[in-house]
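The chain contents come next:
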Amino acid sequence: MSKKNVRIRIWDSKVQLIEKQTVNHKKILAGRRKNCRVITTDNLTVIPGLIDCHVHLAFDGLNGQPQYHEELHVTEVLQERLVSDLAHGIVAVRDGGDRGGIGIACRNMVNNVELKGPVVMASGKALRKNGGYGSFLGTGAAPGELAKVMKGLLKENINQVKVLVSGIVSFKEYSKVGGVQFTLKELEQIVRIAADHGLKVMAHASSDEAVQICIKAGVHSIEHGYFISVDSLKAMADQRIAWVPTVVPVAVQNQGLDGSLTAETAVIEHTYRRQLQMIRLAQKLGVILGVGTDAGAVGVQHGTGYLRELQLYQEAGLTAEETLMAATRNGAYIIGMQDSLGVISPGRPAYLLVLEGDILKYLIRPRQGMTAEGTFQSA
Ligand SMILES: [Zn+2]
């Protein structure tokens, strides 16, 4: 998959040509044409830009419980989050929704070049059951009202439908998860309406019970999937349903915001260690794994959380190549941009990362300094 000693020519923001590097880079520098910028040294690695398959641009990841703040809808705050993504090499994010439509506003402002940022694929408001989990993420729907509520979402030109199928995972009691909110029939209706409008469904599902309903209904991706079973992973591999395991929002709970150990350490540790084992198994079974941080969730900040998630994939036992594949090519598929992102190829937009040294070494042995200030530089 990787090539050595190549020259990548970029023209008009697109990759034009990838060719064997035959001359010394000093000669290239000496002979370059006017208005042509050359980036070269002896040891550069170029990879496709990274993709975060699950973020919430509306939230900052700092506060205790995630809260919806009307006043956060200020462009400077959003700009900071988007720039942090770019600084960490993230060229596209899929937003998992918020009640106030901030993710949608962000997407529109980036598209209109009012904000600088990665590509934003927005869900708008997440779909949830009236009275169920996730009031800060979206609009509730009563039984029988689904079609009407979805019509409202579709009017906002959402890029995918986000549905909250289960509640959240408990940090106090191992393997306890908030109940399933939608029936199979309701979820099938959601998937059908989405498909009629050319949209895919990203499903928040934390218990295996919820995951199983999602698989039957034919969603595009399972988000979180804590306590997912081996059988579910096999079915997902068969049906090409992707998995975005979001380990970091659980792993960071091991420590309080002040760095102290929390009372629930054992439960949290057990929960995310199990998730790491299942990631390894998913990779072996051929499940399409993406990298998603849930940035904005408590303790997970935009950009920095991504590097931690990559390190967790390494801890899970994925090879550096497998981790990179999840972060790039698989991510592009999951967010529906497989035709333009995730692979370096002539004709595609040049969303590239240029890194000093060998990225694979970084990933095998993550080292300190792999942060915004340090290593990543987007080109
Ligand atoms: Zn989320």
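Before going into details, it helps to say that this report is about the structure given with it. Since the structure is predicted, the reported quantities are computational estimates derived from the model, not experimental observations. Starting from 1, residues in each chain are numbered consecutively following that chain's sequence as written. Confidence filtering applies because this is a predicted model: local features only for residues at pLDDT of at least 70, side-chain atom pairs given and counted only at 80 or more, and all residues used for totals across whole chains, interfaces and linings. Excluded from the side-chain calculation are hydrogens and water; included are all heavy atoms of the structure.

**Quick notes on the pairing of strand β2 (residues 14-20)**
Quick reminder of the rule: In this analysis, strands are considered paired if DSSP registers two or more bridges between them. Helix and strand assignments come from DSSP, with helices taken as H or I runs of at least 4 residues and strands as E runs of at least 2, each series counted from the N terminus.
In this sheet, β2 lies alongside strand β1 (residues 6-11) in antiparallel orientation, the contact comprising 6 bridges. Bridge pairing in β2 links W11 to K14. Taking the residues that link successive antiparallel strands as the turn, the β1-β2 hairpin has 2 residues, and the phi of D12 there is positive, at about 55 degrees.

**What to know about the packing of helix α2 (residues 75-87) against helix α3 (residues 102-111)**
Just so we agree on the cut-off: Axis definition: a line fitted to C-alpha atoms, over the contacting stretch in the case of helices. Angles run 0 to 180 degrees between N-to-C directions. These descriptions rest on fixed angle ranges, namely under 35 degrees for roughly parallel, over 145 for roughly antiparallel, 65 to 115 for roughly perpendicular, and the rest for oblique. The contact rule is simple, with two residues in contact once any of their heavy atoms fall within 4.5 Å. In this classification, Asp, Glu, Lys and Arg are treated as charged, Ala, Val, Leu, Ile, Met, Phe, Trp, Tyr, Cys and Pro as nonpolar, and every other residue, Gly included, as polar.
It is at 11 Å that the axes of α2 and α3 come closest, and there the two elements cross at 75 degrees. Taken as axis vectors, α2 and α3 run roughly perpendicular relative to one another. Residues T75, L78 and L82 of α2 lie in contact with α3, whose contacting residues are I102, C106, M109 and V110. Class assignment of the residues belonging to the contact of α2 with α3 gives a composition of 6 nonpolar, 1 polar and no charged.

**Observations regarding the packing of aromatic side chains**
To keep it simple, the criterion reads: When two rings of Phe, Tyr or Trp (its six-membered ring) have centres within 6.5 Å they constitute a pair, described as stacked for plane angles under 30 degrees, edge-to-face for angles over 60, and tilted for the intermediate range. The buried label goes to any residue with under 20% of its type's maximum accessible area, the exposed label to any with over 50%, and the partly exposed label to all in between, with areas taken from a 1.4 Å probe on protein chains only. Sitting over a ring, as applied to charges here, requires NZ of Lys or CZ of Arg to be within 6 Å of the ring centre and within 35 degrees of the ring normal.
Inspection of every chain in the model, using the stated rule, returns 3 aromatic pairs. Measuring from centroid to centroid gives 5.6 Å for F59 and F136, while their planes differ by 70 degrees, and the two rings are edge-to-face. Of this pair, F59 sits in the loop between β4 (50-55) and α2 while F136 sits in the loop between β7 (126-129) and β8 (138-141), and the two are 77 residues apart along the sequence. By relative accessible area, F59 is classed as buried at 4%. Ring geometry for Y133 versus F136: centroids 6.2 Å apart, planes at 80 degrees, classification edge-to-face. Looking at Y133, the relative accessible area reads 22%, which means it is partly exposed. What links up through ring pairs into an aromatic cluster is the set F59, Y133 and F136. Over the face of the ring belonging to Y333 we find R240, whose NZ or CZ atom lies 5.3 Å from the ring centre.

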